Amino acid sequence: MELKIEASWKQVLASEFEKPYFSKLLQFIENAYAENTCYPPENRIFAAFNYTPFNDVKVVVLGQDPYHGAGQANGLCFSVTEGVPKPPSLKNIVKELENDLGVSGPVSGNLEQWANQGVLLLNATLTVQERQAGSHQRKGWEQFTDAVISKLSEAREGLVFLLWGNYAKKKGAKIDTAKHLVLRSGHPSPMSANKGHWFGNNHFSKTNTYLKNNQKEPINW
């Protein structure tokens, strides 16, 4: 399987690509895509990195698995392919954004416009088999994305990490909070949001205030 990942990330993550676990992971992915329908499309597996080069990252959103329904996943966490209806979690993200900022959220569920502004939309696991949630977990992706988070935490300063839900909170536990802003809340899924753990977190305005205070361009959400 050819590794199609943006040049700056290729350099930053070079040591990961040489580790035995990553070779096994690529072989697993190659076989999985050959034998089953998997998402996102193979040329979109590393989309989060290709839209948002290492030095352009300003905000990191941590997701868990890609969507496993036909035509949904596009390689960016919480995002869907253009023209696909917004899933429930994304609807709640947009609703909170609108309440927080007093603006209209994105009409499309495709969040490429965020990625192009420096929002790294990173799933912990970058692939999944159709209709089999979690099917590609514990194959090596988690180790790889832990390395991504560590590299960002160590080498960059003044980033905002948005940790939504318990899984993201655990995954982001080692981020250096002396150098970065870490915002935590419940997950935007209806189950969590309807219990009062999501709405009112004001993460979008808090993110932009922090970016402006660090002389960075805010995100046009």
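On a predicted model such as this, the values are computed, not experimentally measured, just so you know.

Residue position: His 136 is located in the loop between β4 (128-129) and α7 (141-155). Residue class for His 136 comes out buried when judged on its relative accessible area of 2%. Only 3.5 Å separates the side chain of His 136 from the backbone nitrogen of Val 128, close enough to count as a polar contact.

Moving on, we get to unusual backbone geometry. Cis geometry is adopted by the peptide bond preceding Pro 40, which originates at Tyr 39 and carries an omega value of -5 degrees. Following the sequence through the fold, Pro 40 ends up in the loop between β1 (38-39) and α4 (47-51). The residue Arg 138 is not glycine, and still its phi comes out positive at about 60 degrees. Positive phi is not limited to glycine here, since Gln 215 has a value of about 60 degrees. Secondary-structure assignment places Gln 215 in the segment after α10 (203-213). The exposure class of Gln 215 is exposed, given its relative accessible area of 70%.

A complete count under the given rule lists four salt bridges for this structure. Across the salt bridge formed by Glu 16 and Lys 19, the nearest N and O atoms sit 2.8 Å from each other. One salt bridge connects Arg 44 with Glu 112, and the closest N-O pair in it is separated by 3.6 Å. With Arg 44 in the loop between β1 and α4 and Glu 112 in helix α6 (residues 112-115), the pair connects residues that are 68 residues apart, well separated along the chain. Using a relative accessible area of 19% as the deciding quantity, one classes Arg 44 as buried.

Analysis parameters
- Residues numbered from 1 in each chain as written.
- Predicted model: local features only at pLDDT ≥ 70, side-chain atom pairs only at ≥ 80, totals over all residues.
- Heavy atoms only, no water.
- Helix = DSSP H or I, 4+ residues; strand = E, 2+ residues; numbered from the N terminus.
- Buried < 20%, exposed > 50% of the residue type's maximum accessible area, 1.4 Å probe, protein only.
- Polar contact = N/O pair within 3.5 Å; in protein donor to acceptor, adjacent residues only side chain to side chain.
- Salt bridge = Lys/Arg side-chain N within 4 Å of Asp/Glu carboxyl O.

By themselves, these figures tell us nothing about what the structure is for.
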